[in-house]
Amino acid sequence: MPHFCMFGATEVQLEAEPTWCVTFFGGLDLRRPPLAQLITARRQIERAPGKPRYHWVLTLCGGTDVRWPTLAEEYAALKNAVTAGTLSLAEWDRTVASSDVGASAGIRSFTAFGGLSADEIPTEDQEVESLSMQRHFGHIPQRAAEILMLAIGQRSATRLAAVRRAVAHALSAEAGGG
């Protein structure tokens with residue numbers, strides 16, 4: 001579904017399926033989908049020739065920020081994908097080890113008379129609030145939350161390696177490995 005922003009500001013949660021985002025004289029805050037969702041969506045796109053492969057971002061006389069998901073969102077998506085059997089930790093590791101993890105979002109852009117920032121991370125307050133809420137609801141165990149807290153403010157592979165460690169620890173604890 002395309003997203004348009006004219007003479008204003010909006011925040012859009014990108015889905016794994018590619019789309020168009022157009023901003024004229026405004027501000028657009030795009031939130032990337034978690035990497036686990038992107039990996040599984042990429043598999044489906046590769047199997048369907050002719051299907052769009054990229055998110056296209058057109059910014060004219062405005063500003064666009066592309067923001068990483070919170071650590072809690074990345075954790076939940078990876079844990080759910082591994083538990084459901086749609087993604088293995090080995091496939092996650094291969095993707096994270098690739099030379100350009102940031103490109104995994106599949107974003108192509110054109111900006112004129114404006115600005116585009118494609119590697120924004122959530123603020124410390126956003127990260128802490130998200131982790132606290134997920135801890136409160138029991139979705140993230142204490143030790144996994146502690147691992148994720150150490151990655152606040154980190155980018156790319158460092159950030160994603162912490163997510164992987166937290167998920168591996170939680171899965172091990174659920175399997176009785178402590």
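One numbering rule holds for all chains: residues counted from 1, following each sequence as written. In keeping with the model being predicted, local features are shown solely for residues with a pLDDT of at least 70 and side-chain atom pairs are shown and tallied solely at 80 or more, while totals for entire chains, interfaces and linings include all residues. Note that the side-chain values use all heavy atoms of the structure and ignore hydrogens as well as water.

Observations regarding the overall build of the protein
The cut-off we apply is this: Numbering of helices and strands runs from the N terminus, with a helix taken as a DSSP run of H or I at least four residues long and a strand as a DSSP run of E at least two residues long. Computation of the radius of gyration draws on C-alpha atoms alone. For the globule rule, the value is 2.2 Å times the number of residues to the power 0.38. Categorising residues by exposure relies on relative accessible area from a 1.4 Å probe, with only protein chains included: less than 20% of the type maximum marks a residue as buried, more than 50% marks it as exposed, and the intermediate range marks it as partly exposed. Each accessible area value is a Shrake-Rupley result obtained with a 1.4 Å probe; residue values ignore everything except the protein chains displayed when judging cover. When charges are tallied, Lys and Arg are placed among the positive residues and Asp and Glu among the negative ones, while His and the ends of the chain are skipped. To locate a charge, take atom NZ for lysine, CZ for arginine, CG for aspartate or CD for glutamate.
From N to C terminus, the protein includes six helices and eight strands. Taking 178 residues into account, the globule formula puts the C-alpha radius of gyration at 16 Å, and the protein, at 17 Å, falls close to it. Across its three principal directions, the C-alpha atoms of the protein cover 55 × 40 × 30 Å. Here the protein holds 178 residues, and the buried ones make up 40% of them. Carbon together with sulfur atoms contributes 56% to the accessible area of the protein, which is approximately 9200 Å² in total. Between the averaged position of the 17 positive side-chain charges in the protein and that of its 19 negative side-chain charges there is a distance of 7 Å.

Some thoughts on the sheet that holds strand 5 (residues 55-60)
Selection criterion: Note on pairing: DSSP must find at least two bridges between two strands before they are called paired. To get an axis, fit a line to the C-alpha atoms, keeping to the stretch in contact for a helix; angles then go from 0 to 180 degrees between the N-to-C directions.
The parallel open sheet is built from four strands, whose spatial order is 1-3-5-7. The open sheet terminates on both sides in strands that have one partner only, identified here as strand 1 (3-6) and strand 7 (107-112). Averaged over all adjacent pairs, the angle separating strand axes in this sheet is 5°, with direction ignored. Strand direction decides the pairing type here: strand 1 and strand 3 (residues 20-24), joined by four bridges, are parallel. Opposite Phe 4, over in strand 3, you have Val 22 as the bridge partner.

A few points about the pattern of salt bridges
Opposite charge on two side chains makes pairing possible when the charged atoms of those side chains draw close. What counts, and what does not: One side-chain nitrogen of Lys or Arg within 4 Å of one carboxyl oxygen of Asp or Glu is enough to make a salt bridge.
Applying the stated rule across the entire model yields eight salt bridges. Note that Glu 11 and Arg 31 form a salt bridge whose closest N and O atoms lie 3.6 Å from each other. One end of the pair, Glu 11, is in strand 2 (residues 9-13); the other, Arg 31, is in strand 4 (residues 27-31), and 20 residues separate them in sequence. It is possible to trace a salt-bridge network through shared partners that takes in Glu 11, Arg 31 and Glu 73.

Let's talk about the sheet that holds strand 4
Ordered by their spatial adjacency, four strands build an open sheet running 2-4-6-8, and the pairing between neighbours is parallel. The sheet is open, and its two borders are formed by strand 2 and strand 8 (115-120), each paired with just one other strand. Across the sheet, the mean angle separating the axes of adjacent strands is 15° when strand polarity is ignored. Two strands pair when backbone bridges link them, and strand 6 (residues 63-67) and strand 8 are joined in this way by four bridges, in the parallel orientation. Across the sheet, residue Gly 63 finds its bridge partner in strand 8, namely Gly 115.

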